[in-house]
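# Structure assessment
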Amino acid sequence: SFRVESLFRSSGLTNFKTVAGRSNTWRGDRVGGATVKGRKAGEALDPTRIVNEKLLITVDTTSYIRTPIDYQDDWTAPDFQAEYSAEHGSAHAKAFDQAHLIQLIKAGSWVAPDSLKASGAFFDGISTTMTGYAAQTDAELKADLIVKHHKAALATFVKRDLGGSLAEFVTLIEPDTFNVLLDHKKLMNVDFQGGNGDNNFAARRVGWLNGIRVIETPRFPTAAIAAHFLGPAFNVTAAEAKARVVIFHPRKTLVTVEAQGMVARVWDDKENFANVLDSYTMYTVGLKRGDCVAVLSTD
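Attention here is on the structure that accompanies the text. (Residues numbered from 1 in each chain as written. Predicted model: local features only at pLDDT ≥ 70, side-chain atom pairs only at ≥ 80, totals over all residues. Heavy atoms only, no water.)

### Considerations on the sheet that holds strand β4 (residues 62-70)
Under the convention used in this document: We call two strands paired when DSSP finds no fewer than two bridges between them. Counting from the N terminus, the helices are the DSSP runs of H or I reaching at least four residues and the strands are the DSSP runs of E reaching at least two. Whenever a helix is involved, its axis is fitted only over the stretch in contact; in every case the axis is a line through C-alpha atoms, and angles between N-to-C directions fall within 0 to 180 degrees. Working rule for contacts: check all heavy atoms of both residues, and any pair within 4.5 Å makes them a contact.
If you walk across this open sheet you meet the 4 strands as β1-β12-β13-β4, and the pairing is mixed. Sheet topology places β1 (15-18) and β4 at the edges, where each strand pairs with a single neighbour. The mean inter-strand angle of the sheet, taken between neighbouring strand axes irrespective of direction, is 25 degrees. With respect to the sheet, helix α4 (residues 80-107) is in contact with β4, β12 (254-269) and β13 (274-287), its orientation differing from that of β13 by roughly 15 degrees.

### A few points about the pattern of salt bridges
Applied cut-off: In the sections that follow, a salt bridge refers to a side-chain nitrogen of Lys or Arg positioned within 4 Å of a carboxyl oxygen of Asp or Glu. Three labels apply to residues, based on accessible area from a 1.4 Å probe with only protein chains included: buried if under 20% of the type maximum, exposed if over 50%, partly exposed otherwise in between.
Tallied over the entire structure, the rule returns 11 salt bridges. Note that R251 is salt-bridged to E168, the shortest N-O span being 3.0 Å. Here R251 is found in the loop between β11 (243-248) and β12, whereas its partner E168 is found in the loop between α6 (139-160) and β6 (170-173), with 83 residues between them in sequence. Between R289 and D291 there is a salt bridge, and its shortest N-O distance comes to 2.7 Å. Each member of the pair, R289 together with D291, is buried. Within this structure, R66, R265 and D278 form a network of salt bridges that share partners.

### Description of the side chain of N275
Rules: We define a polar contact as two N or O atoms separated by no more than 3.5 Å, with the added condition that, inside protein, one atom must be a possible hydrogen donor and the other a possible acceptor, whereas residues neighbouring each other in sequence contribute only through side-chain atom pairs.
Here N275 is to be found in strand β13. Engagement of the side chain of N275 in a polar contact is seen with the side chain of D74, the distance being 2.6 Å.

### Side note on the sheet that holds β6
Ordered by their spatial adjacency, 6 strands build an open sheet running β5-β14-β11-β6-β10-β9, and the pairing between neighbours is mixed. Here the strands that pair on one side only, and so sit at the sheet edges, are β5 (126-130) and β9 (208-209). Of the pairings in the sheet, the one linking β11 to strand β14 (residues 293-298) comprises 5 bridges and is antiparallel in character. Each bridged residue has a counterpart across the sheet, and for V245 the counterpart in β14 is L296. The strands that α4 touches are β6, β11 and β14; relative to β11, the one it contacts most, it runs at about 85 degrees. α6 rests against β5, β6, β9, β10 (212-216), β11 and β14 of the sheet, and its axis sits at about 160 degrees to β5.

### Quick look at the environment of G207
Within the fold, G207 resides in the loop between β8 (205-206) and β9. Classification of G207 by relative accessible area gives buried; the value is 14%. For the pair formed by G207 and T171, sequence separation is 36 residues and the distance between their alpha carbons is 9.8 Å. Every residue in contact with G207, bar those within four places of it in the chain, is listed here: D198, N199, I212, R213 and V214.

### Considerations on the nonpolar core
Inclusion rule: In this description, a nonpolar core means a group of buried Ala, Val, Leu, Ile, Met, Phe, Trp, Tyr and Cys residues linked to one another through side-chain atoms lying within 4.5 Å.
In this structure, F8, L13, L104, L172, V246 and F248 are the most contacted members of the largest nonpolar core, which totals 34 residues. Ranked by the residues each element gives to this core, the list is headed by α4, at 8 residues. Once you skip the residues sitting within four places of it in the chain, F248 turns out to touch F8, L13, L104, F169, V170, L172, T253, C292 and V293. Counting residues in hydrophobic clusters, the runner-up holds 28 residues, among them I146, M188, L209 and V245.

Spatial relationships are all this shows, so hold off on functional conclusions.
Quick look at the structure:
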């Protein structure tokens, strides 16, 4: 249930690393700024250092759910364990996805280390407020604001020349904002789709926006979070909770480090006349590059 319902676990939107049985820390590197040089016959080679910064991600929190099931419930409702187990999987999937989205939203305000920025290969994250969006009552104009800011962010990514293809980027969008996009005239008009049919008003589908794949998800945080279960790094401010659209490069952005895969077990609590269902996993989410992320927020 967890694997099926988790967007980030099943869709390859993060770089998955495991340290299970070895350590609680994963070590990676932020690398960039290689320079091409020329050499003529007889000339000495000029070595060039590639700028890099060490990246350490430490897993220190177990995510768990514990549910006691009274003997009498088990005797009279034998489906309880299966239903509770499925509910555990759903809850873990929602928490897992939201943790990743929180890190993406925070990436909008990421500041590249000076040593990397000086190389010209790294930049700061992109965080944009869609000014006038909240007060706008015309659905078409609201949709146009989203499309214009989305297009501007993609233009910035192209100019940054981050490597790879622009088509590798993905747009995540929360449901209310997704609904607004359905009112965009060009986006839903077949004359502007090249015949691919991926955007379909009748089917309530927006598959592509400015050439980038669109995924609707309800896992965006909708309010400030003061005490996230994974720790302070995942707390959300009121301003961050206004994020409605995230554009990012899955291969370059997030790193999910797992120290313990998902485990589900039932054990007998004889003293309290109950069977106890436990499910637990141990992971965290780190940010490799914040300059491959753009966050669009409401005002």
